[in-house]
Protein chains: 2
Amino acid sequence: MMHFLSQMAFCSCRPNAVLLRPQPNRWASSSKSKDDSEVGHCTRVQRNVNMEGLRTGYLFPEIFKRESEHMQKKAHARLIRLGIGDTTLPIPDIITSAMAEHAYALSTIQGYKGYGAEQGNMDLRKAIAEKFYKDMGVEGHEIFVSDGAQSDISRLQMLLGSNVTVAIQDPSFPGYTDSSVIVGQAGKLEEESGKYGNIVYMNCGSENGFFPDLSTTPRTDIIFFCSPNNPTGNAASRQQLQQLVDFARINGSIIVYDSAYAAFISDESPRSIFEIPGAKEVAIEISSFSKFAGFTGVRLGWTVVPEELLYSNRFPVIKDYNRIVCTCFNGASNIAQAGGLACLSEDGYKAVTNVVNYYKENAKILVEAFASLGLKVYGGKNAPYIWVHFPGLSSWDVFNEILEKTDVVTVPGRGFGPGGEGYIRVSAFGHRENILEASMRLKKLFFLA
Amino acid sequence: MMHFLSQMAFCSCRPNAVLLRPQPNRWASSSKSKDDSEVGHCTRVQRNVNMEGLRTGYLFPEIFKRESEHMQKKAHARLIRLGIGDTTLPIPDIITSAMAEHAYALSTIQGYKGYGAEQGNMDLRKAIAEKFYKDMGVEGHEIFVSDGAQSDISRLQMLLGSNVTVAIQDPSFPGYTDSSVIVGQAGKLEEESGKYGNIVYMNCGSENGFFPDLSTTPRTDIIFFCSPNNPTGNAASRQQLQQLVDFARINGSIIVYDSAYAAFISDESPRSIFEIPGAKEVAIEISSFSKFAGFTGVRLGWTVVPEELLYSNRFPVIKDYNRIVCTCFNGASNIAQAGGLACLSEDGYKAVTNVVNYYKENAKILVEAFASLGLKVYGGKNAPYIWVHFPGLSSWDVFNEILEKTDVVTVPGRGFGPGGEGYIRVSAFGHRENILEASMRLKKLFFLA
């Protein structure tokens, strides 16, 4: 008999009902028994404490649950989903043809390609630099092509590790906070405030023009900043971004700038943080083809890490990020990359811009609908999101009432952080007839109320 | 003037030449100066200590460098690359057509799809369960479709966190060790042994039939185990895997089982850890379409997390992994997933199996070539890798000599860990004529030597 069989280090764990809420499934039912052989084996591996720190009840699954419950009560309702920010219009032919051709070519000896560079096809990296960062000094090798912004945020968190301090806009896309929790930067969740102890929340509400008061913001190593913002739809002005860059420079911070909605900007607001002088020494930019080209399902994005960005020991951040990309990722799908390259051709870019303009027209319609009701409406001009203020009301209550009475799904602002309370987010992604129909229903609801 | 402008917390960092080796680039040249304004701004963010702990010089870039140097000396040499394990044969038509059709459909109102489920298309998840885990009790919802095994390894590391102890086969694919270092599990690198202090190295050499001596292996929380193995090409037997599962059960460990090369198994060796009774309570399995279907550039893989796998507090691992996938990933490309589904159709499966058989024939040729020279040759039967023993020699020396004298690129075994010293890995991915040509050159080299 081998030595290990006699070690007698048998699993000594016992059901721990306190740690698991009662649930109608096998795990919970098994926890009634005290016999290990009956309840089944469990490992001696401790659950990651960071994972334990995550809020239960992720926003979008909760919305989906309420949506389903609503449909069970009202089976014949024609639901209009303006909740999750998901693109709905077909991708222009010129782009899907490029992807299809790339796929077919993979069946030929000449066209077959195996592993590409982890950092992405250099032609695509250069095309991104040329199209989005012209005259900003960003070069192809500073662009890391990826499968999307959400993945890049977590790769950046792996890069940064647990010992950095972070500031996050409030409200904001949940991915920043949740990934901070997962890597151990966030500290404890304070149930009452809904805030994590070690995260600096930068309030961005209507009272401060959706830009944080930097004079009262403590220094952190990292500042997550999204513009045009999800969920508020607000794009920071050039002057504001200059303030942000100055703030980061003075504090020696790194800005992680999310420009995934830059294509929706209609005014003079910067489309990249690198339009601001001095930004290359203090900022990383995450961006995406998802909303710009309808690639939410195709999956393609990029992250810019400038050569000039240095850690306190002067080690270049780009070198470590390159290592992360090579170790924790193996490149975006070559078919998606072929599509990305087609988006940046002259005709491809025109075609996707038309689609973006369609969504912007949708946003205008929704803004007008809410404004006509006398509500304070933000966003919509530089982003596909409309942020509607219901001062003093619970955003989940507003969400519920709109769903119940109009069969329109929105997102309660509270889901984006404590600062989103009193607001709802309405997405402008949708077919025009649905946008018009939703606007009509909403107008009726409020006139009747 | 805003408050923050008067904080005077200016970046005080100074060039630190000790931390950066002299390099012919701007960073190093700037370090000669002592004037901050001249050397450029640096942040006050400390470099992640885990990233500092990574070995410098990643294996494959080093090989590529030596390859380039060789080609500079011998510009007319016809290089044959049997180094990186990258597929070379076209993907069967039936599969690329499915991907092309999916791409075209994205241009239609009916066929357009935005975000899919982060966990993957349920049809594909079910098809994977049916094709690879039939009669093993693995169901579709336990399968998480991904962009590939390398990404999944790092997502698993995020799941597990820094506080788990890990054991890794020696030699092994560098991704396990490197991702352990990045999340902070590994401890310090001991330069002399080439081992990290907190990692348990399970020696798998010819002397123990490439299976670790579990009687002397200390308990760890996590056991990374790859079969068929990269680089040794060895597939563990049913009896060995039963021992491994028993060992994990007794120790309360979790096995992270990498079966990316399972399609290459020719004998009765299990193709999944879940063929072993009791494995569902102690194992996670990572697998991939990369080598099975030539998807190295298309990017598609999956990870199985069984419902029965519980942390010590009985919390199901699958729930946390689901959360990781939803937070740190947004699903594999829908076009790649359409290709995956086509691979699992009857005709698609036949077609990709033919390609795998072609590579297996290549492997046979290479095994025979090395064996005919009187060398001890392992692998090749159940894997696309041949592991050749040169007892007492440095694997980098053998690599260099083969490259220099035959223009054939291999991989020095040392690159896979200390246990790989004295071996080289030869990849069987390639066109037949190149495999035959390489075999001929190798035979000549050794006969002449």
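S.K.: How do you make sense of the sheet that holds strand β8 (residues 254-258) of chain A when you look at a structure like this?
M.R.: Backbone hydrogen bonds hold the strands of a sheet together, and the pairing may be parallel or antiparallel. All names here are of chain A. A sheet is described by the order of its strands in space; here 7 strands give the open sequence β2-β10-β9-β8-β7-β3-β6, paired in mixed fashion. Of all the strands in the sheet, just β2 (143-146) and β6 (199-203) have a single pairing partner and so form its edges. The sheet shows a mean angle of 20° between the axes of neighbouring strands, direction not considered. Each of β2 and β10 (301-304) is contacted by helix α6 (residues 122-132), which is oriented at about 115° to β2, the strand it contacts most.

S.K.: What is the right way to look at the relation of the copies chain A and chain B in this model?
M.R.: Both copies of the chain are related by a screw-like operation: a rotation about an axis and a shift along it. With an RMSD of 0.0 Å, the operation that places chain A on chain B is a rotation of 180° combined with a shift of 0.0 Å along the axis. Such a combination of rotation and displacement between the chain copies is what one expects of a two-fold axis. Closest to the rotation axis within chain A is the C-alpha of A:A100, separated from it by 2.0 Å. Taken together, the interface assignments show that 100% of the residues at the interface of chain A recur at the interface of chain B, consistent with an identical surface on both copies.

S.K.: What is the right way to look at unusual backbone geometry in this model?
M.R.: Most peptide bonds are trans, and most residues other than glycine sit at a negative phi. All names here are of chain A. In this structure, P228 follows S227 across a cis peptide bond, with omega equal to -5°. That bond from N230 to P231 is cis: its omega, 20°, falls within 30 degrees of zero. In this fold, P231 is placed in the loop between β7 (222-226) and α9 (238-251). Even without a glycine there, the phi angle at F210 is positive, about 65°.

S.K.: Help me out: how do you make sense of the pattern of salt bridges in this one?
M.R.: Pairing of side chains with opposite charge becomes possible as their charged atoms draw close. With the rule as written, the count across this model stands at 38 salt bridges over all chains. Note that A:K381 and A:D267 form a salt bridge whose closest N and O atoms lie 3.5 Å from each other. With A:K381 in the loop between β11 (376-379) and β12 (385-389) and A:D267 in the loop between β8 and β9 (283-288), this pair connects stretches of sequence that are 114 residues apart. Accessibility expressed as a relative area gives 51% for A:K381, which makes it exposed. Between A:K280 and A:E308 there is a salt bridge; the shortest N-O distance is 3.3 Å. Separated by 28 residues along the polypeptide, A:K280 in the loop between β8 and β9 and A:E308 in the loop between β10 and α11 (317-328) bring together distant segments of the chain. Accessibility expressed as a relative area gives 13% for A:K280, which makes it buried. Among the charged side chains, a salt-bridge network with shared partners connects A:R55, A:D178 and B:R323.

S.K.: Before we go on, may I ask you to explain the packing of aromatic side chains in this structure?
M.R.: Each aromatic ring pair is summarised here by two numbers: the centre-to-centre distance and the angle between the ring planes. Considering all chains together, one arrives at 44 aromatic pairs over all chains under this definition. Three or more aromatic residues joined by ring pairs make a cluster, and in this case those are A:F132, A:F289, A:F292, A:F295, A:W302 and A:Y349. The ring centre of A:Y349 lies 4.2 Å from the NZ or CZ of A:K131, which sits over that ring. Note that B:R125 overlies the ring of B:F144, its terminal NZ or CZ placed 5.6 Å from the centroid.

S.K.: Explain the confidence of the model for chain A here, please?
M.R.: Interpretation of the predicted coordinates at a detailed level should be avoided for regions scoring low in pLDDT. Residue and element names in this part refer to chain A. Per-residue confidence for chain A gives a mean pLDDT of 92, with 91% of residues at or over 70. Predicted confidence is poor over residues 1-36, with pLDDT under 50, and the contacts of this stretch with residues over four places away or in other chains come to 56 contacts. Reported confidence for the predicted complex is 0.92 by ipTM and 0.92 by pTM.

S.K.: Looking at this model, I keep getting lost on the interface of chain A and chain B. Mind explaining?
M.R.: With 119 residues of chain A in contact, the opposing surface of chain B contributes 119 residues. Roughly 10600 Å² is buried in total at the junction of chain A and chain B, and carbon and sulfur atoms are behind 58% of that figure. Counting across the chain A and chain B interface gives 4 salt bridges. Along the contact surface separating chain A from chain B lie 50 residue pairs in polar contact (both at pLDDT 80 or more). Per element, the largest residue contribution to the side of chain A that touches chain B is 8 residues, and it comes from α11(A). Split into classes, the residues belonging to the side of chain A that touches chain B amount to 56 nonpolar, 38 polar and 25 charged.

S.K.: Please explain the packing of helix α7 (residues 149-160) of chain A against helix α8 (residues 174-183) of chain A as it appears in this structure.
M.R.: For any two helices packed against each other, the geometry is given by the interaxial angle and the distance between the axes. Residue and element names in this part refer to chain A. Viewed as axis vectors pointing N to C, α7 and α8 meet at an angle of 35°, and their least axial separation amounts to 10 Å. Relative to α8, α7 is oriented so that their crossing is right-handed. Each of I153, Q157 and M158 in α7 lies in contact with α8, whose residues at this interface are G175, Y176, S179, S180 and V183. Class assignment for the residues of the contact of α7 with α8 results in 4 nonpolar, 4 polar and no charged.

S.K.: Mind showing me how you'd approach helix α5 (residues 93-105) of chain B here?
M.R.: Think of an α-helix as 3.6 residues a turn; residues three or four steps apart then line up on the same face. Taking 1.5 Å of rise per residue, the 13 residues of α5(B) would be expected to cover 18 Å, and the 18 Å separating its terminal C-alpha atoms lies within 8% of that figure. Listed as buried for α5(B) are B:I95, B:T96, B:S97, B:M99, B:A100 and B:A103.

S.K.: Looking at this structure, I do not really get the sheet that holds strand β15 (residues 423-427) of chain B. What am I missing?
M.R.: Residues and elements named next belong to chain B. Within the open sheet, the 4 strands sit side by side as β11-β12-β15-β14. Their pairing is antiparallel. Looking at strand neighbours, the two that pair on one side only are β11 (376-379) and β14 (411-412), the edges of this open sheet. Sheet topology note: the β11/strand β12 (residues 385-389) ladder contains 4 bridges and is antiparallel. Residue pairing in the sheet places G379 in a bridge with I386 of β12. Helix α14 (residues 395-406) contacts β14 and β15 of the sheet and is inclined by roughly 45° relative to β15.

S.K.: Which parts of the structure should I look at to understand the nonpolar core?
M.R.: Looking at soluble globular proteins, one finds that nonpolar side chains tend to be buried together. With 184 residues, the main nonpolar core has A:F289, A:F295, B:F289 and B:F295 as its most contacted residues. Among the nonpolar cores identified, the runner-up in size contains 22 residues, and A:I365, A:L373, A:V408 and A:I435 belong to it.

S.K.: How should the environment of A:H41 be read in this particular structure?
M.R.: Residues and elements named next belong to chain A. Within the fold, H41 resides in the loop between α2 (36-39) and α3 (49-52). A relative accessible area of 13% places H41 in the buried class. Separated by 357 residues in sequence, H41 and V398 place their C-alpha atoms 46 Å apart.

S.K.: Hey, could you run me through the pairing of β7(A) in this one?
M.R.: Here is the key point about a regular strand: its side chains alternate between the two faces of the sheet. Residues and elements named next belong to chain A. Burial analysis of β7 places 5 of its 5 residues in the buried class, which makes it a mostly covered element. Alternating residues of β7 divide into I222, F224 and C226 and I223 and F225, and every residue in both groups is buried. Relative to β7, strand β3 (residues 166-170) runs parallel, the two being bridged by 3 bridges. For A167, the partnering residue across the bridge sits in β7 and is I223. Inspection of the sheet shows β7 paired to β8 by 5 bridges, in the parallel sense. For F224, the partnering residue across the bridge sits in β8 and is V256.

Reading the values: the criteria
- Residues numbered from 1 in each chain as written.
- Chains lettered and ligands numbered in written order.
- Predicted model: local features only at pLDDT ≥ 70, side-chain atom pairs only at ≥ 80, totals over all residues.
- Heavy atoms only, no water.
- Pairing = 2+ DSSP bridges.
- Helix = DSSP H or I, 4+ residues; strand = E, 2+ residues; numbered from the N terminus.
- Axes fitted to C-alpha atoms, helices over the stretch in contact; angles between N-to-C directions.
- Contact = heavy atoms within 4.5 Å.
- Least-squares fit on C-alpha atoms with pLDDT ≥ 70 in both.
- Salt bridge = Lys/Arg side-chain N within 4 Å of Asp/Glu carboxyl O.
- Buried < 20%, exposed > 50% of the residue type's maximum accessible area, 1.4 Å probe, protein only.
- Phe/Tyr/Trp six-rings, centres within 6.5 Å; stacked < 30°, edge-to-face > 60°.
- Lys NZ or Arg CZ within 6 Å of the ring centre and 35° of its normal.
- pLDDT = per-residue confidence, 0-100.
- Buried area = accessible area lost by both parts, 1.4 Å probe.
- Polar contact = N/O pair within 3.5 Å; in protein donor to acceptor, adjacent residues only side chain to side chain.
- Nonpolar A, V, L, I, M, F, W, Y, C, P; charged D, E, K, R; others polar.
- Left-handed = near helix turned anticlockwise from the far one by under 90°.
- Expected span 1.5 Å × (residues − 1).
- Core = buried A, V, L, I, M, F, W, Y, C linked by side-chain atoms within 4.5 Å.

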